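Observations on the model geometry
Here is how the chains run, residue by residue.
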Amino acid sequence: MQIQKYTGDQAELNPYNHTAQDSFAHINTNYVFEQTKATTVITAKYLSAQELNNRVFMPVALRRKN
Amino acid sequence: MKNLRLFHWTLLGSLLLVLALGCAGLPLASSSTAEAATAPPQPQAAPDDFILQILAGVRQDRIVNDLKALTGESPLCIESACYTVQNRLTGSQGLSWAKDYVVKELSSLGYSVTRQDWSMEGFSDQNIIARKTGTQVPDEAIYLVAHLDGVKTTADERFPSADDDASGVVDLLEVARVLSAYSFERTLVLLFSTGEEQGVLGVRSHVNALSSSELSAIRYVVSVDMVGYDANDDGAMQLWSGDNAPSLTFAQELSGIIQAYPLELSPQVISGCT
């Protein structure tokens, strides 16, 4: 796995963000479906009784930029 | 300890703000040109049959219906009244309808739902908080966050804010539906915040209102923001950890978990942007 370091000099990948064109027409509904399944998996996993030895504060956004 | 935890929560808020605006006001990262570092390979977990069973309950039609309703593509109906949402600006009528819709949906699923009034930096609105109490360790909470509000940057009345962040809201609503049929050991908290576009105001207010014991109960927080745009259909999924070392480790762990399941996604861990 590679960790990609944010460098701040790349273009925003969603060209419609914060515009009136950020609309349903520009949403990939299959992609939202898959993302929702991912959220379901990780939530169900951590709601179950597994050892979480270290407290983790999680500033992670499941976020799409292209 | 409270200050330390508040620091982390504040960091969470700051990161979301930075992600929305870009580091130092610059445009945001793209994975194609990002500086890459090789991390140790993470063990890939085997899929759990129980979670596979839960996963089978996720329905795309409900996600699409919610997304259309929250973005004004179709009427948003609450009880017998239907509305067309033009935008979901903090303090707006459209956002008020969206909150009512979320409350109605989550209440009907059996969640304990509360509205949390907040006022900060000249803005006022409400967060919606839904809770499903754990059966074995209810004092350990897992948080999912998405922001209901949108932003308006021109005179156009219609600002659907579909990707940012109706996509995250419908994600959490569907997760709530699917998980409502099961019992879990830990407590699930779904935080639908407002005022995000003005500086993560709703989340910051929520954190400020938590007691020490409530803060201690939190095991992790995932913010689901902008999960709807994938023009090239490559399924790339970005997990932003900031520079917080435990979060980076956790993001790697999440990536490994997601890859173990039959999902059409390619997780990428993005660090930095402090």
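Residues numbered from 1 in each chain as written. Chains lettered and ligands numbered in written order. Predicted model: local features only at pLDDT ≥ 70, side-chain atom pairs only at ≥ 80, totals over all residues. Heavy atoms only, no water.

**Re the pairing of strand S8 (residues 218-224) of chain B**
Residue and element names in this part refer to chain B. Put simply, the rule is: Exposed residues in this analysis have more than 50% of their type's maximum accessible area, buried residues have under 20%, and partly exposed residues fall in between, with area computed by a 1.4 Å probe over protein chains only. For helices the rule is a DSSP run of H or I covering at least 4 residues; for strands it is a run of E covering at least 2, with both sets numbered from the N terminus onward. Strands are labelled as partners when DSSP assigns at least two bridges between them.
Buried residues dominate S8, accounting for seven of its seven residues. Pairing of strand S6 (residues 137-147) with S8 involves five bridges; the strand directions are parallel. Within S8, the position partnered with Leu-144 by the bridge is Val-222.

**Looking at the nonpolar core**
This is how it is decided: For our purposes a nonpolar core is just a set of buried Ala, Val, Leu, Ile, Met, Phe, Trp, Tyr and Cys residues, chained together by side-chain atoms within 4.5 Å.
In terms of nonpolar packing, the biggest core is built from 68 residues, with Leu-106, Leu-179, Leu-190 and Phe-192 of chain B touching the most fellow members. Element by element, the count of residues in this core is highest for helix H5 (residues 162-179) of chain B, at 10 residues.

**Thoughts on the environment of Leu-172 of chain B**
All names here are of chain B. Heads up, the rule is: We call two residues contacting when some pair of their heavy atoms lies within 4.5 Å.
Among the structural elements, Leu-172 can be located in helix H5. Among the residues examined, Leu-172 registers a relative accessible area of 0% and is labelled buried. Leu-172 sits 109 residues away from Ile-63 along the chain, and the two C-alpha atoms are 9.6 Å apart. If sequence neighbours within four positions are ignored, Leu-172 has contacts with Leu-144, Val-145, Ala-146, Leu-190, Leu-191, Phe-192 and Val-224.

**Notes on the packing of aromatic side chains**
Defined as follows: For this analysis, a ring pair means two rings from Phe, Tyr or Trp (six-membered ring only for Trp) whose centres lie within 6.5 Å, classed as stacked if their planes differ by under 30 degrees, edge-to-face if by over 60, and tilted for the remaining angles.
Applying the stated criterion across every chain yields a total of eight aromatic pairs over all chains. On the basis of an interplanar angle of 85 degrees and a centroid distance of 5.0 Å, the ring pair of Tyr-46 of chain A and Tyr-220 of chain B is categorised as edge-to-face. Taken together, the residues span two chains, with Tyr-46 of chain A in helix H1 (residues 29-47) and Tyr-220 of chain B in strand S8. For the pair Tyr-46 of chain A and Tyr-220 of chain B, one class covers both residues: buried. Ring geometry for Phe-50 of chain B and Phe-184 of chain B: centres 6.2 Å apart, planes at 50 degrees, overall tilted. Separated by 134 residues along the polypeptide, Phe-50 of chain B in helix H2 (residues 49-55) and Phe-184 of chain B in the loop between H5 and strand S7 (186-193) bring together distant segments of the chain. According to the relative accessible area criterion, Phe-50 of chain B is partly exposed, its value standing at 32%.

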